[in-house]
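Structural features, examined
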Amino acid sequence: MKAAVYKGTEQIDIEEIAKPEIQPGTVLLKIKACAICGGDLRTFRHGHAAIKPPIVLGHEIAGEIIEVADDVTTFKVGERVIVAPAIGCTACSYCLSGWQNMCYSRKTIAHHYNGGFAEYMLVPAGAVRAGNINRIPDDVTYLEASLAEPLACVLNGQEVMNIGLGDTVAVIGAGPIGCMHAEVARARGAGKVFLINRSGKRLAAAKKFGFDEYIDLSKTDGLKTVMDLTGGLGANVVIVTAGSAEAQQMGIAMASKMGKVCLFAGLPKDKPTIQLDANHLHYRQIAVYGTFSSAPRHNALALEMIRSGKVSAKNLLTHLVSLEEIRKGMDFIDDRSGLRVAVSPCIDELQEEIAKFSALKVQK
Ligand SMILES: [Zn+2]
Ligand SMILES: [Zn+2]
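Criteria and thresholds
- Residues numbered from 1 in each chain as written.
- Chains lettered and ligands numbered in written order.
- Predicted model: local features only at pLDDT ≥ 70, side-chain atom pairs only at ≥ 80, totals over all residues.
- Pairing = 2+ DSSP bridges.
- Helix = DSSP H or I, 4+ residues; strand = E, 2+ residues; numbered from the N terminus.
- Axes fitted to C-alpha atoms, helices over the stretch in contact; angles between N-to-C directions.
- Parallel < 35°, antiparallel > 145°, perpendicular 65-115°, else oblique.
- Left-handed = near helix turned anticlockwise from the far one by under 90°.
- Contact = placed C-beta atoms within 7 Å.
- Nonpolar A, V, L, I, M, F, W, Y, C, P; charged D, E, K, R; others polar.
- Domains from an automatic or database assignment.
- Buried ≥ 20, exposed ≤ 12 C-beta atoms within 10 Å, placed from the backbone.
- Arc of directions from axis to C-beta.

Before going further, it helps to spend a moment on the sheet that holds strand β14 (residues 235-240). Strand order in the open sheet made by the 6 strands is β13-β12-β11-β14-β15-β16, with parallel pairing throughout. Two strands close off the open sheet at either side, each with one partner strand: β13 (213-216) and β16 (287-290). Across this sheet, the average inter-strand angle for adjacent strands is 15°, counted without regard to direction. One ladder, built from 5 bridges, connects strand β11 (residues 168-172) with strand β12 (residues 192-197); its direction is parallel. Each residue of the ladder has a partner; that of Val169, found in β12, is Val193.

Further remarks concern the sheet that holds strand β4 (residues 55-56). Across the sheet, 3 strands lie side by side as β2-β1-β4; this open sheet has antiparallel pairing. In the strand order of this sheet, the two ends are held by β2 (11-16) and β4, each with one partner. Taken together, the 2 bridges between strand β1 (residues 2-8) and β4 define a ladder with antiparallel strand orientation. Looking at the pairing, Tyr6 lines up with Ile55 of β4.

Turning our attention to the packing of helix α5 (residues 148-161) against helix α6 (residues 176-187). At a closest axis distance of 10 Å, the pairing of α5 and α6 adopts a crossing angle of 50°. For the element pair α5 / α6, the angle class is oblique. Seen along the crossing, α5 lies across α6 with a hand that is right-handed. Across from Pro150, Leu151, Val154, Leu155 and Gln158 in α5, the residues of α6 making contact are Pro176, Ile177, Met180, His181 and Val184. Its residues assigned to classes, the contact of α5 with α6 shows 8 nonpolar, 2 polar and no charged.

Entries for the protein chain in the domain assignment read domain 1 (2-147 + 311-363) and domain 2 (160-290). Each of domain 1 and domain 2 was reduced to a C-alpha centroid, and the two centroids are 29 Å apart. Counting from both sides, the interface comprises 9 residues of domain 1 and, opposite them, 11 residues of domain 2. Broken down by class, the residue content of the side of domain 1 that touches domain 2 amounts to 3 nonpolar, 4 polar and 2 charged.

Before going further, it helps to spend a moment on helix α1 (residues 38-46). By the burial criterion, the buried members of α1 are Asp40, Thr43 and Phe44. For α1, the angular spread of buried residues about the axis comes to 95°, placing them on one side. For α1, exposure combined with an orientation more than 90 degrees from the buried face picks out Arg45 and His46. In the core, the buried residues of α1 are packed alongside β1, β2 and α13 (326-334). Gly47, located one to two residues past α1, shows a positive phi value of around 80°.

Below, the structure written as structure tokens:
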């Protein structure tokens, strides 16, 4: 089969490799679409301590089941599915309470097993057993479903933040993840949603979502603007999707009394610290949370949010590239002209789906 094999920093080669063979407990997928995560791009550009090449990256997977092991009774050939990449052990306290993303012995697709930038992918037995496969509703396309994994991570964060009716929510970072957070916040009943970014390009691309305010940090002071917009109170919930110490510090500073701040993105490994005014947290009773990855139930909910239109996958997915053009897909993300980019090893089979998108840019 054809696969995009990651061989090290700046090295991805399209190669013929052995098609995976069905093993006890597993399910074989024909990949229809696999979106490119910011994490895939970072691994490609800078490497990743836990990912040992050669390996097939890609964990935002949507595909069709083409083979099922004899001992698997829960799935059938022909079913359309997504796969949550974080595989829990099913036995630790986190797995048992539905937080498989926090599992002590978590394994991850595209870290420990080959991922979805290929024609076929074997869903590991642990993932089948742990409930990581979710069926795609009939009225959701594979292309839309490829956004369920990042959306699931957003829903994990939002579950922890518990946004309430009327809350003012400030989202820092206007990439696809920031836009998803802002959409979910609105769906949860936020009063006002502000989208904040350090450059205007991505804010312009996000205008179509119709959020309440777009704050361009290249033109204006973000903290002052949010304080002005809230009558000096600050935002009830701040979600920082940018992996930047500056953005995290600004996010904490703009939280209201009893506000909540979500640090949704990690910082560079060699510079993981930020400056924190502890008195600001103490006297204003502010809570700061970290959130990371998602559990299978978040993936199921993500599909439902896409199906109901509460999150617009059609607005979020802006580019589709063939497997051969995966590097170009990475460049589209880098130059920030679009939002999410998906890769498909079988673009020609997706023509009907592509026709449902009004502005998808396709690169074969
Ligand atoms: Zn991802
Ligand atoms: Zn576990």
